[in-house]
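Structural overview
Next come the chains, spelled out residue by residue.
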Amino acid sequence: MDDYSNTCPLSQKQLLDDYFMDHRAQLLALAAFLDRFERSNLRNAETDFRIEAFKEALHLLVGPGPERARRVQLVMSDQNLDLLDVRDSQSAYGAPVHPAPAHPHDEQEGAQ
Amino acid sequence: MNYIDLHAHMISRTTDDYHRMALTGCVAVTEPAFWSGRDRLGPLAFADYFDHLTTFEPARARQYGVAHYTWLCLNPKEGEDRELARQVLALIPEFLDRPTVLGIGEIGLNRVTRNEMATFLDHVELALEHHQLIHIHTPHLEDKYKGTKVIVEALARDPRIDPARVMVDHAEEHTAPMILEHGFWTGFTLYPRTKASPARALDMIEMYGPERLCVASACDWGESDPVAIPEFILQARRRGHGDLLIEQMVYGNPARFLSQSPKFKLPRPGVAVSTD
Ligand SMILES: [Zn+2]
């Protein structure tokens, strides 16, 4: 894995002074969304592929290792490289509908 | 600061947007052919679209001092229909000599199907046959990783392809390194919700270095921002980057890539752009 240390020109103190409030708001939005999902009056998507990918990605945020953005992207990606025989839909969903068996665990563990 | 937006679907935007872009320093846009939000009714609709892109849009842009160039193709969303693809591919050559056409684009994949791949490769053949630059759309969301990998590996296997003449656009954290490794140009499109935000584009520039990287608004009929590049410039300054790097990203790099087409004229001839 490449070493990207020292590539951001701002100090950690500057990053917090300038961007903490933005990301604090994003963190609360995420927490409230998960609460809302649990409070739903119809619990019909507990294991939906999107919420599963979401939860897997959340673990990466609190775990160690660099390149969290790239690793979250891989969790949200279809890694089966086979071409589809026919187009199933015009649009994508944001997370793999059928996660490939070789999910990015190797990548994640390698980074840690 | 002057900038070039090398991915802007101006056909979907109002004249007020040209005005705002000009006010914020935009000197040139390049407009790839794309999906209109619904499948077109037949090949004639594409002929009309290509005519619009090469007549009306350059004239509209000129009123604001913005140079307008274009790329032609059948977009990946409609690439599944092989018969339509054959008809549209047959139409394209008669438009390639128009003075503002820079190449074939934005071609690529959508859901990464066999038919989409065949249509993509047909466009690559057309570009090679007519010595055109290539502009590539990589798929959305969960399809981006596999689609980018399939495209990049197919092109890298073809000895006739000069990667310096190919822009692989809509890159993100999990695709930019593989694109750069193979020597292609890479684009970050700055959308409010999907693809790359200005902040994440800056992160990638800091990590991968500024060579062969460009940023663009990719503004279209969806949720998008025609002045995303000025927003990127502002955020880069807040991040502590100097004007030299910022100008390379928003003017020097796109000019270098586009200048490989003899039709592209530098909007600011006084500014030196390295073409090595
Ligand atoms: Zn586009």
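Small disclaimer: the values here were computed from a predicted structure and weren't measured. (Residues numbered from 1 in each chain as written. Chains lettered and ligands numbered in written order. Predicted model: local features only at pLDDT ≥ 70, side-chain atom pairs only at ≥ 80, totals over all residues. Heavy atoms only, no water.)

Moving on: unusual backbone geometry. The bulk of non-glycine residues show a negative phi, and the bulk of peptide bonds are trans. All names here are of chain B. Of note, the amide linkage connecting Gly-105 to Glu-106 takes the cis form, showing an omega dihedral of -10°. With respect to the helices and strands, Glu-106 occurs in strand β4 (residues 101–108). Look at Val-112: it is not a glycine, yet its phi comes out positive at around 65°. Within the secondary structure, Val-112 is located in the loop between β4 and α6 (114–129). The backbone of Arg-212 sits at a positive phi, close to 60°, despite the residue not being glycine. Among the secondary structure elements, Arg-212 is positioned in the loop between α9 (198–208) and β8 (213–216). What makes Arg-212 partly exposed here is its relative accessible area of 25%. (Helix = DSSP H or I, 4+ residues; strand = E, 2+ residues; numbered from the N terminus. Buried < 20%, exposed > 50% of the residue type's maximum accessible area, 1.4 Å probe, protein only.)

The topology assignment puts B:His241 in the loop between α10 (228–238) and α11 (243–258). Within the structure, B:His241 has its side chain in polar contact with the side chain of B:Glu206 (distance 2.7 Å). Once residues within four sequence positions are removed from consideration, B:His241 is found in contact with A:Pro9, B:Leu202, B:Glu206, B:Ala236 and B:Ile246. (Polar contact = N/O pair within 3.5 Å; in protein donor to acceptor, adjacent residues only side chain to side chain. Contact = heavy atoms within 4.5 Å.)

The next thing to look at is the confidence of the model for chain B. Any residue range with low pLDDT should be treated as having predicted coordinates unsuitable for detailed reading. All names here are of chain B. The share of residues in chain B with pLDDT of 70 or more is 97%, and the mean pLDDT across the chain is 95. Below a pLDDT of 50 lies the segment residues 270–276, which in the model reaches 10 contacts outside its immediate sequence neighbourhood of four places, other chains included. For this predicted complex, the interface score ipTM comes out at 0.93, alongside a pTM of 0.93. (pLDDT = per-residue confidence, 0-100.)

The next subject is the pairing of β8(B). Residue and element names in this part refer to chain B. Side chains of β8 alternate between two faces, with Leu-213 and Val-215 and Cys-214 and Ala-216 buried alike. Alignment of strand β7 (residues 185–189) against β8, held across 4 bridges, turns out to be parallel. Residue pairing across strands places Thr-186 opposite Leu-213, the latter belonging to β8. For the crossover from β7 across α9 to β8, the handedness is right-handed. (Pairing = 2+ DSSP bridges. Right-handed = clockwise from strand over helix to strand, strands pointing away.)

With that settled, consider the confidence of the model for chain A. Averaged over every residue, the pLDDT of chain A is 87; residues scoring 70 or more account for 86%. Below a pLDDT of 50 lies the segment residues 100–112 of chain A, which in the model reaches 22 contacts outside its immediate sequence neighbourhood of four places, other chains included.

Quick look at helix α3 (residues 68–75) of chain A now. With respect to burial, α3(A) is a largely interior element, 6 of its 8 residues being buried. Within α3(A), the full set of buried residues consists of A:Arg70, A:Arg71, A:Val72, A:Gln73, A:Leu74 and A:Val75.

Residues and elements named next belong to chain B. In the first shell of the zinc ion, the protein supplies His-7 (NE2), His-9 (NE2) and Glu-106 (OE), at 2.0 to 2.1 Å from the metal. Within one chain, the residues donating to the zinc ion are spaced in sequence as H-x1-H-x96-E. Taken as a pair, His-7 in the loop between β1 (3–5) and α1 (15–23) and Glu-106 in strand β4 lie far apart in primary sequence, 99 residues in all. The same class applies to His-7 and to Glu-106, which are both buried. (Donors = N, O, S within 2.8 Å, 3.2 Å for Na, K, Ca; no water.)

Turning our attention to the interface of chain A and chain B. The parts lose accessible area when they come together, and the size of an interface is often stated as this lost area. Between chain A and chain B, the residue contacts involve 32 residues of the former and 30 residues of the latter. In total, chain A and chain B occlude about 2900 Å² of area from one another, counting both sides; carbon and sulfur atoms represent 55% of this. The three residues of chain A that bury the most area against chain B are A:Leu83, A:Arg87 and A:Gln90, which together make up 22% of that side's buried surface. Where chain A meets chain B, there are 3 salt bridges. Residue A:Asp78 is joined to B:Lys146 by a salt bridge in which the shortest nitrogen-to-oxygen separation is 3.3 Å. The interface formed by chain A and chain B contains 17 residue pairs in polar contact (both at pLDDT 80 or more). For the side of chain A that touches chain B, the secondary structure elements donating two or more residues are α1 (12–39) and α3 of chain A. For the side of chain A that touches chain B, the element with the most residues is α3(A), which contributes 4 residues. Along the lines of polarity and charge, the residues of the side of chain A that touches chain B split into 16 nonpolar, 9 polar and 7 charged. (Buried area = accessible area lost by both parts, 1.4 Å probe. Salt bridge = Lys/Arg side-chain N within 4 Å of Asp/Glu carboxyl O. Nonpolar A, V, L, I, M, F, W, Y, C, P; charged D, E, K, R; others polar.)

With that settled, consider helix α2 (residues 43–54) of chain B. All names here are of chain B. Here α2 contains 12 residues, and its C-alpha end-to-end distance of 17 Å stays within 8% of the 16 Å for a straight helix at 1.5 Å per residue. Among all positions of α2, only Phe-46, Ala-47, Tyr-49, Phe-50, Leu-53 and Thr-54 are buried. One side of α2 carries all its buried residues, which in axial view fall inside an arc of 160°. Exposed residues lying more than 90 degrees from the buried face of α2 are Leu-44 and Asp-48. (Expected span 1.5 Å × (residues − 1). Arc of directions from axis to C-beta.)

A separate point is the packing of aromatic side chains. For any two aromatic rings, the description comes down to two numbers: the centre-to-centre distance and the angle of the planes. All chains considered together, the criterion is met by 12 aromatic pairs over all chains. Pairing A:Phe49 with A:Tyr93 gives two aromatic rings, centres 6.0 Å apart and planes at 85°, and the pair type is edge-to-face. Of the two residues, A:Phe49 is situated in helix α2 (residues 49–62) and A:Tyr93 in the loop between α3 and α4 (105–111); the sequence distance between them amounts to 44 residues. Relative accessible area serves as the criterion here: at 41%, A:Tyr93 is assigned to the partly exposed category. With a centroid separation of 5.0 Å and an interplanar angle of 45°, the aromatic rings of B:Tyr69 and B:Phe264 are classed as tilted. Linking B:Tyr69 in strand β3 (residues 67–72) with B:Phe264 in the segment after α11, this pair joins segments that are 195 residues apart in sequence. Residue B:Phe264 is classed as buried on the basis of its relative accessible area of 6%. Through successive ring pairs, a cluster of aromatic residues spans B:Phe46, B:Tyr49, B:Phe50 and B:Phe95. The ring centre of B:Phe46 lies 4.9 Å from the NZ or CZ of B:Arg40, which sits over that ring. Between the NZ or CZ atom of B:Lys77 and the centre of the ring of B:Trp35, over which it lies, the distance is 4.9 Å. (Phe/Tyr/Trp six-rings, centres within 6.5 Å; stacked < 30°, edge-to-face > 60°. Lys NZ or Arg CZ within 6 Å of the ring centre and 35° of its normal.)

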